[in-house]
Amino acid sequence: MDEPLTELEMEILDFERLRWRHAGARESAVLDRFGWSITRHAQVVNALLDRPAALEHDPVNLRRLQRLRDARRAQRTARIA
């Protein structure tokens with residue numbers, strides 16, 4: 001059974017709903033809000049995408065993020081082939 005999301009994990013998913021107008025704004029916001037790099041943030045988000053508790057918390061946002069991840073993965077695979 002999947003453990004419930006922590007407050008931080010819910011905050012991360014809520015943060016992922018935001019839209020960014022300017023290049024670099026998201027990266028700066030990640031550093032200011034969470035204190036880590038955009039790379040670390042992506043790792044944390046990707047781990048959350050496979051958690052049933054995250055899907056329960058915000059199904060629309062989570063499915064959107066899963067589609068983005070899958071599209072990026074498909075692009076990488078296409079470049080390799």
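For the structure itself, consult the block above.
Residues numbered from 1 in each chain as written. Predicted model: local features only at pLDDT ≥ 70, side-chain atom pairs only at ≥ 80, totals over all residues. Heavy atoms only, no water.

Peer 1: How would you summarise the packing of aromatic side chains if you had to cite specific residues and measurements?
Peer 2: Counted according to the given criterion, the structure contains three aromatic pairs. Aromatic side chains Phe15 and Phe34 sit 5.3 Å apart centroid to centroid with 85° between the ring planes, which places their arrangement in the edge-to-face category. With Phe15 in helix H1 (residues 7–15) and Phe34 in helix H2 (residues 25–34), this residue pair connects regions lying 19 residues apart in the sequence. Comparing Phe15 with Phe34 shows no difference in burial state: the two are buried. Both rings, one in Phe34 and one in Trp36, keep their centres 5.3 Å apart while their planes meet at 10°; by these two values the pair is stacked. Here Phe34 falls in the buried class, since its relative accessible area comes to 13%. An aromatic cluster is defined as three or more aromatic residues linked by ring pairs; in this entry it consists of Phe15, Trp20, Phe34 and Trp36. (Phe/Tyr/Trp six-rings, centres within 6.5 Å; stacked < 30°, edge-to-face > 60°. Helix = DSSP H or I, 4+ residues; strand = E, 2+ residues; numbered from the N terminus. Buried < 20%, exposed > 50% of the residue type's maximum accessible area, 1.4 Å probe, protein only.)

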